[in-house]
Amino acid sequence: MFITFEGPEGGGKTTVMAFLLERLLAHGLSAISLREPGGTHVGEQVRRLLLDTRSDIAPAAEMLLFSASRAQLVEAIIRPHLQGGGVVLCDRYADSTLAYQGFGRGLDLTALRQITRFATGGLTPDLTLFFDIDPAQGLARRQGSGGMDRMDAQTLDFHHRVRDGYLALMAAEPARWVRIDASAPLAVVQGTVIQVVGERLSARGMI
Ligand code: T5A
C-alpha cells in the first residue's frame, strides 16, 4: 500500500509520518518512510540544490529536478518495496508537483501530468492524506522549527495558490484523498491519521 502525505508547509506531515511508521512497524508490517525530494543518494543531492536559497532555478528546470528525484526514488525504492508487499509512506509525491509547479508557478498542468507519468511509470498512491492548514499558520510553524528554505521563502500568494491547487486536486479525485485538519492539536491529528490508515489497511486485509 502506497500512502502519500501532502499539503502546504508546516502542516505536520513529517512529524505525523514518523509516528505512523512506528505504529505500523509495531503491528509487524513491513513499512518504510521516504521523503521527496530525496530518499536516495541522487535525490538527496537534488534536494540540496532545490532547497538552497542561493539557487536561481527556472520553473521548468525546477519541475524537472523534482521529477528526476522522483524517478530515482520510484525505481530504486518505492516500486520494489510495494512489489514485496510492503507499505510505503512518502512525505510528498507527484501531487506536490501539480500543486507547487502547476498551481503555484503556473506551469501547464497537462504537460506536468505527462512528465510525471513518464518519471513514475504511472505509479499513483493508494491513499493521499492532505494536511490542510492556512499557509500563514503553516509557515509560522515552519519558522519556529528551523530556517526557511527556497520554497518556504516564496510569497504568501504563492502558498495560497498551492493550497487552492491541492483543494482542486482533491475535489477531482475524492476516493484517493482524505483531508486532515492540520491546525488541530498534534494528538488529534495523529489519532485521525491512525484511524484513517487503519481502516484502509483493514479493508485490504493487511491488519
Ligand atoms: N516541492 C516538493 C515542490 O515544489 N514540488 C515537488 O514536486 C515536491 C516533491 C520540500 C519543498 O519542496 C516543495 C514543497 C516544499 O516546499 P520540505 O522541507 O520537505 O521541502 O517541506 P515540507 O514537506 O513542507 O516540510 P515542512 O517541515 O515545512 O512541513 P511538515 O513536514 O508538514 O511539518 P513538520 O512535521 O516538520 O512540522 C513543522 C513544525 O510544526 C510542529 C512540529 O513539531 C514542527 O515544529 N507541528 C505542530 N504544532 C502544533 N500542532 C500540530 N498539529 C503540529 N504538527 C506539527
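Quick caveat: nothing in here was measured; it's all calculated off a predicted structure.

Caption draft 1: Examining the overall build of the protein chain more closely. The number of helices and strands found in the protein chain is 8 helices and 5 strands. For a compact globule of 207 residues, the expected C-alpha radius of gyration is about 17 Å, and the protein chain comes in at 16 Å, within 12% of that figure. For the protein chain, the spread of C-alpha atoms along the three principal axes comes to 45 × 35 × 30 Å. Taken across its 207 residues, the protein chain has 47% of its residues classed as buried. The contacts in the protein chain between residues at least 6 apart in sequence include a share of 77% that link residues at least 24 apart.

Caption draft 2: Main features of the packing of aromatic side chains. Across all of its chains, the model carries 7 aromatic pairs by this definition. Look at Phe2 and Tyr93: their rings are 4.9 Å apart centre to centre, the planes differ by 80°, and that puts the pair in the edge-to-face class. Of this pair, Phe2 sits in strand β1 (residues 2–6) while Tyr93 sits in the loop between β3 (87–91) and α4 (94–104), placing them 91 residues apart in sequence. Each ring, one from Tyr100 and one from Tyr166, has its centre 6.4 Å from the other, and the planes form 80°; the classification is edge-to-face. Of the two residues, Tyr100 is situated in helix α4 and Tyr166 in helix α7 (residues 156–172); the sequence distance between them amounts to 66 residues. Judged by relative accessible area, which is 5%, Tyr100 ranks as buried.

Caption draft 3: Region of the structure containing the site of the ligand. Near the ligand lie 27 residues; those nearest to it are Lys13, Thr14, Thr15, Thr97 and Arg142. Coverage of the ligand by the protein amounts to 85% of the 1000 Å² it exposes when considered alone. Broken down by element, the residue count for the shell around the ligand peaks at 4 residues, all from α4.

Caption draft 4: Fine view of the pattern of salt bridges. All told, the structure shown has 13 salt bridges when counted by the stated rule. Between Arg105 and Glu62 there is a salt bridge; the shortest N-O distance is 2.8 Å. One end of the pair, Arg105, is in the loop between α4 and α5 (109–120); the other, Glu62, is in helix α3 (residues 59–83), with 43 residues separating them in the sequence. Among the residues examined, Arg105 registers a relative accessible area of 24% and is labelled partly exposed. Of the charged contacts, one joins Arg204 and Asp126 as a salt bridge, the two residues approaching to 3.0 Å between their closest N and O atoms. Here Asp126 lies in the loop between α5 and β4 (127–132) and Arg204 lies in the segment after α8 (186–203), a separation of 78 residues in the sequence. A relative accessible area of 46% means that Arg204 is categorised as partly exposed.

Cut-off values and rules
Residues numbered from 1 in each chain as written. Predicted model: local features only at pLDDT ≥ 70, side-chain atom pairs only at ≥ 80, totals over all residues. Heavy atoms only, no water. Helix = DSSP H or I, 4+ residues; strand = E, 2+ residues; numbered from the N terminus. Rg over C-alpha atoms; globule rule 2.2 N^0.38 Å. Buried < 20%, exposed > 50% of the residue type's maximum accessible area, 1.4 Å probe, protein only. Contact = heavy atoms within 4.5 Å. Phe/Tyr/Trp six-rings, centres within 6.5 Å; stacked < 30°, edge-to-face > 60°. Near = heavy atom within 4 Å. Areas by Shrake-Rupley, 256 points an atom, 1.4 Å probe, with all protein chains shown as cover. Salt bridge = Lys/Arg side-chain N within 4 Å of Asp/Glu carboxyl O.

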